[in-house]
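Here is what each chain is made of, one letter per residue.
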Amino acid sequence: MAKKAAKKSPQRSQSTTVSTGDIPVVGAREDCPCGSGRRYKACHGREAAHAVQELVHRPFEGLPGEADWVALRELVPAATVPLTLTAEAMQGAVGEVPSVTLATVLPLAWPALRRADGSILLGLQTQSSSGDLSRDLADALELALATEPGTPVPARRTVPGGRRLQELLDLNAGFTPAVHTGFEFWLEDAESSTGEVAASLERANASAIPTEKLAGVDSSYWCSAGDKNHLRWVMTVPEEQLLDALARLTAAEQSSLGPDTRLVGSFRAHGLTVPVWDLPTTMTSTDCEKPAAEFAERLADTLKALAAADAAPLTAEERRARANLVNRQVTLS
């Protein structure tokens, strides 16, 4: 029996030449705009899906202050940092842009906000629509630059293949977070706020855990959480090396920050490790400065000793300490 000829769709008989411009995003079951005759999900949508699913383990790697980027994303409730954009990134801006400021979180979890004066607030603690947080944030920043002043930037699916923060920010500029007790930085004139705006600000401030940044050591943050205080310290040392060093210090009873303090475990966030200490409620951030600096010296010496060619392997007690640290590690992202 002769096989029935397959019915060709009109579009399949057309040329499948793809234009050199960007292929717009359409519904998964719609015809691909490239003219191939295939559904979008089976054509260029497949590339978009792959771009969304691709996971970048350390999205902030290469940026100044990588550890502080992680802290502000995961640990710090209210903070801001001035950002410096490259001249190329600023070329597409609509109107004047007096300043660009990174903020831990914005009202209604907006990705960004273009104020009436043209300045931009970029939200860090937002929903990620792809596996590359740096690309998501860069997409929101570029959208904010192209938005008319006085307008919040809505959430959208990140455009595949777009630029990353590492391509938009001046990598020679500093990164110095300012930690706040509340979210007054949302408003240009917080003192004159009234009604629902004032009520929303009050609710947000009430939910913020008191947090302070230590001055003497990098990317370490003290916080007061109910019946205990904590020190959470984001470190860029490779995880396996850091765990070995922390285990050796713990076994030698040199991992604490003073009486009634204890290294209790660590977080894993955006490719970095964040050791966490329990502190008594009477221990302030100022009280942490000296013992934290002393611990930093002990850690550096231990890392150096472990990296030496003749370094002794971990003892049985040190291996037990390491296993205990690993068992109490929590992954945040």
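What counts, and at which threshold
Residues numbered from 1 in each chain as written. Predicted model: local features only at pLDDT ≥ 70, side-chain atom pairs only at ≥ 80, totals over all residues. Heavy atoms only, no water. Phe/Tyr/Trp six-rings, centres within 6.5 Å; stacked < 30°, edge-to-face > 60°. Helix = DSSP H or I, 4+ residues; strand = E, 2+ residues; numbered from the N terminus. Buried < 20%, exposed > 50% of the residue type's maximum accessible area, 1.4 Å probe, protein only. Core = buried A, V, L, I, M, F, W, Y, C linked by side-chain atoms within 4.5 Å. Contact = heavy atoms within 4.5 Å. 1 Å grid on protein atoms, 1.4 Å probe; cavity = no way out; pocket = protein on both sides within 12 Å on 5 of 7 lines; lining within 4 Å. Points joined across faces, edges and corners; volume = space filled by probe spheres on them. Nonpolar A, V, L, I, M, F, W, Y, C, P; charged D, E, K, R; others polar. Pairing = 2+ DSSP bridges. Axes fitted to C-alpha atoms, helices over the stretch in contact; angles between N-to-C directions.

### A short note on the packing of aromatic side chains
Scanning the entire structure with this criterion turns up seven aromatic pairs. Ring centres of W69 and F175 lie 4.9 Å apart, and the angle between their planes is 20 degrees; on these two criteria the pair is classed as stacked. A residue pair is termed long-range when its members are at least 10 positions apart, and W69 in helix α2 (residues 66-74) and F175 in the loop between α5 (165-168) and β6 (178-179) qualify at 106 residues. On the basis of relative accessibility, which here comes to 1%, the residue W69 falls in the buried class. Using a relative accessible area of 12% as the deciding quantity, one classes F175 as buried. Look at W277 and F295: their rings are 5.1 Å apart centre to centre, the planes differ by 80 degrees, and that puts the pair in the edge-to-face class. In this pair, W277 sits in strand β11 (residues 272-279) while F295 sits in helix α8 (residues 285-307), placing the two residues 18 residues apart along the sequence. The exposure class of W277 is buried, given its relative accessible area of 0%. With relative accessibility at 0%, the residue F295 sits in the buried group.

### Things to note about the nonpolar core
Formed by 42 residues in total, the largest nonpolar core has its most connected members in W69 and L83. Breaking this core down by element, the ones donating at least two residues are α2, β1 (79-83), β2 (100-103), β4 (120-123), α4 (133-145), α5, β10 (262-269) and β11. Here this core takes seven residues from α4, the largest share from any one element. Among all residues touching L83, those that are not within four sequence positions of it are W69, V100, T101, L102, L122, L169 and F175. Within the second largest apolar cluster, 22 residues are counted, among which are L249, L263, C288 and L303.

### Observations regarding the layout of surface pockets
The computed volume of the second largest pocket comes to approximately 260 Å³. Looking at the second largest pocket, it is lined by 16 residues, and the ones nearest its centre are D218, S219, W233, V234 and M235. Elements supplying a minimum of two residues to the lining of the second largest pocket: α2 and α8.

### Section: empty space enclosed by the protein
Throughout the structure, instances matching the rule amount to two cavities of 30 Å³ or more. Considered as a void within the structure, the largest cavity measures approximately 100 Å³ in volume. Along its surface, the largest cavity is lined by L63, P64, W69, P82, L83, T84, L169, D170, A173, G174 and F175. The class makeup of the residues in the lining of the largest cavity is eight nonpolar, two polar and one charged.

### Focus: the sheet that holds β1
The strand order β5-β3-β4-β2-β1-β6 describes an open sheet built from six strands, whose pairing is mixed. The open sheet has two edge strands, β5 (151-153) and β6, and neither has a second partner. Two elements, β1 and β6, share two bridges in a ladder whose sense is antiparallel. Residue pairing for β6: A79 is matched across the bridge by V179. The sheet strands contacting α4 are β2, β3 (112-114), β4 and β5, and the helix crosses β4 at an angle near 160 degrees.

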